[in-house]
Protein chains: 2
Amino acid sequence: MPVLALGDVLLVTLQGDLHDSAAERLQHDIAERVAREPVAGVVIDISGVEVVDSFLARVLAEIASTARLLAARTVLAGMRPAVAVTLVELGLTLPELTTVLDVGQALALLGRTPSGPRARQGGA
Amino acid sequence: MPVLALGDVLLVTLQGDLHDSAAERLQHDIAERVAREPVAGVVIDISGVEVVDSFLARVLAEIASTARLLAARTVLAGMRPAVAVTLVELGLTLPELTTVLDVGQALALLGRTPSGPRARQGGA
């Protein structure tokens, strides 16, 4: 699971199934980097994920809580409409997470644009 | 457990294990000082703490709640990434607490810098 640094934002692109050990490794990896590097935000792109089950929902919530404890904000980008419907049906409304439509919006929200440094400070 | 006053900020540096009686004394000490002195914020530096269990998490949350009732803000500084992961695994996400990477950032967030008065108001 690659974690890409874009300035002070970490970009994680989830694709397909995330198994237990990979999820745990990802969580630790993000925690280490958020604590070590000057990371202001973590963007998790789930546009390639067609099914979010309760396990993945918990992993996403835990990544967000861990990042928050380490002073970074997590933004979830690109959720498919069918995934949103399923999550709500499962009662998993992810209150810990800010969601936006795509990575561009996530970077704008964190005050970054893909093309350069601090463009504007997005609202919450 | 020394509580250091830096202007109107109290700085508490936790090291190693905190036993029950010490935790209770610390909580009372902070409450007394916040009520007696013009304290705007309490910074708890836990960079020297390698293990946070549910007891310490509860103590931290109680200190924050007590300080808040006495009109001071508590900022937790220097949490290690492994500690953040463990806390989240235990379901202890410390929503009452603002966390930052180090004491410098905590002072900046509270509008103080180590070298002088109010420098900038950091975001949450």
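Residues numbered from 1 in each chain as written. Chains lettered and ligands numbered in written order. Predicted model: local features only at pLDDT ≥ 70, side-chain atom pairs only at ≥ 80, totals over all residues. Heavy atoms only, no water.

**What to know about the overall build of chain A**
Each helix and strand counted, chain A has 4 helices and 5 strands in total. For chain A, the succession of helices and strands along the chain, N to C, is β-β-α-β-α-β-α-β-α. The C-alpha radius of gyration computed for chain A amounts to 14 Å, which stays within 12% of the reference 14 Å derived for 124 residues, consistent with globular compactness. Viewed in the frame of its principal axes, chain A has a C-alpha envelope of about 40 × 25 × 20 Å. Long-range contacts, defined here as pairs at least 24 residues apart, represent 69% of the contacts in chain A between residues at least 6 apart. When the accessible surface of chain A is totalled, it reaches about 6,200 Å², and 55% of it is carbon and sulfur. For chain A, the distance from the average site of its 10 positive side-chain charges to the average site of its 14 negative ones is 9 Å. (Helix = DSSP H or I, 4+ residues; strand = E, 2+ residues; numbered from the N terminus. Rg over C-alpha atoms; globule rule 2.2 N^0.38 Å. Contact = heavy atoms within 4.5 Å. Areas by Shrake-Rupley, 256 points an atom, 1.4 Å probe, with all protein chains shown as cover. Lys, Arg positive; Asp, Glu negative; His and termini not counted. Charge placed at Lys NZ, Arg CZ, Asp CG, Glu CD.)

**As for the environment of A:Ala108**
Residue and element names in this part refer to chain A. Mapped onto the secondary structure, Ala108 falls in helix α4 (residues 103-109). Looking at Ala108, the relative accessible area reads 16%, which means it is buried. Placed 58 residues apart in sequence, Ala108 and Glu50 show a C-alpha to C-alpha distance of 25 Å. (Buried < 20%, exposed > 50% of the residue type's maximum accessible area, 1.4 Å probe, protein only.)

**Observations regarding the interface of chain A and chain B**
Much of the literature gives interface size as the accessible area that the parts lose upon coming together. Each partner contributes to the interface: chain A provides 14 residues, whereas chain B provides 16 residues. Taken together, the two surfaces of chain A and chain B that pack against each other cover about 1,200 Å², and 67% of this comes from carbon and sulfur. The three residues of chain A that bury the most area against chain B are A:Arg68, A:Leu69 and A:Leu70, which together make up 45% of that side's buried surface. Inspection of the region where chain A meets chain B yields 0 salt bridges. Elements represented by at least two residues in the side of chain A that touches chain B include exactly α1 (20-36) and α2 (54-69) of chain A. The biggest single contributor to the side of chain A that touches chain B is α1(A), with 6 residues. Residue composition of the side of chain A that touches chain B, by class: 6 nonpolar, 4 polar and 4 charged. (Buried area = accessible area lost by both parts, 1.4 Å probe. Salt bridge = Lys/Arg side-chain N within 4 Å of Asp/Glu carboxyl O. Nonpolar A, V, L, I, M, F, W, Y, C, P; charged D, E, K, R; others polar.)

**What to know about the UniProt feature "domain: STAS" (unreviewed entry) in chain A**
UniProt tags residues 1-110 of chain A as "domain: STAS" (unreviewed entry). Secondary structure within residues 1-110 of chain A divides into 45% helix and 25% strand; the distance between the first and last C-alpha atoms comes to 22 Å. (UniProt positions renumbered as here; feature names shortened; annotations may be inferred.)

**Let's talk about the sheet that holds strand β5 (residues 98-100) of chain A**
Residue and element names in this part refer to chain A. As summarised here, the arrangement of the 5 strands in space is β1-β2-β3-β4-β5, forming an open sheet in which the pairing is mixed. Strand pairing shows two members of the sheet lacking a second neighbour, β1 (3-6) and β5, which therefore form its edges. Neighbour-to-neighbour, the strand axes of this sheet turn through a mean angle of 25 degrees, independent of strand direction. For β1 and strand β2 (residues 9-15), the ladder comprises 4 bridges, and the chain directions are antiparallel. Bridging from a neighbouring strand, Leu6 pairs with Val9 of β2. Where α2 meets the sheet, its contacts fall on β2, β3 (41-48) and β4 (73-77), and the angle it forms with β4 comes to roughly 150 degrees. (Pairing = 2+ DSSP bridges. Axes fitted to C-alpha atoms, helices over the stretch in contact; angles between N-to-C directions.)

**Description of the pattern of salt bridges**
Note that side chains of opposite charge can pair when their charged atoms are close. Residues and elements named next belong to chain A. In total, this model carries 8 salt bridges over all chains according to the counting rule given. Close ionic contact of Glu37 with Arg36 constitutes a salt bridge, the shortest N to O distance being 3.9 Å. Among the salt bridges present, the one from Glu50 reaches Arg80, with a minimum N-O distance of 3.9 Å. Remark: Arg80 occurs in the loop between β4 and α3 (81-89) and Glu50 occurs in the loop between β3 and α2; sequence separation between them is 30 residues. You can call Arg80 partly exposed: its relative accessible area is 33%. Within this structure, Arg33, Arg36 and Glu37 form a network of salt bridges that share partners.

**Here's the deal with the packing of α1(A) against helix α3 (residues 81-89) of chain B**
Contact geometry of α1(A) with α3(B) gives a least axis separation of 8 Å together with a crossing angle of 135 degrees. In terms of orientation, α1(A) and α3(B) fall into the oblique class. Judged by the twist between their axes, the crossing of α1(A) over α3(B) is right-handed. Of α3(B), the residues touching α1(A) (which contributes A:Gln27, A:His28, A:Ala31, A:Glu32 and A:Ala35) are B:Pro81, B:Val85, B:Val88 and B:Glu89. (Parallel < 35°, antiparallel > 145°, perpendicular 65-115°, else oblique. Left-handed = near helix turned anticlockwise from the far one by under 90°.)

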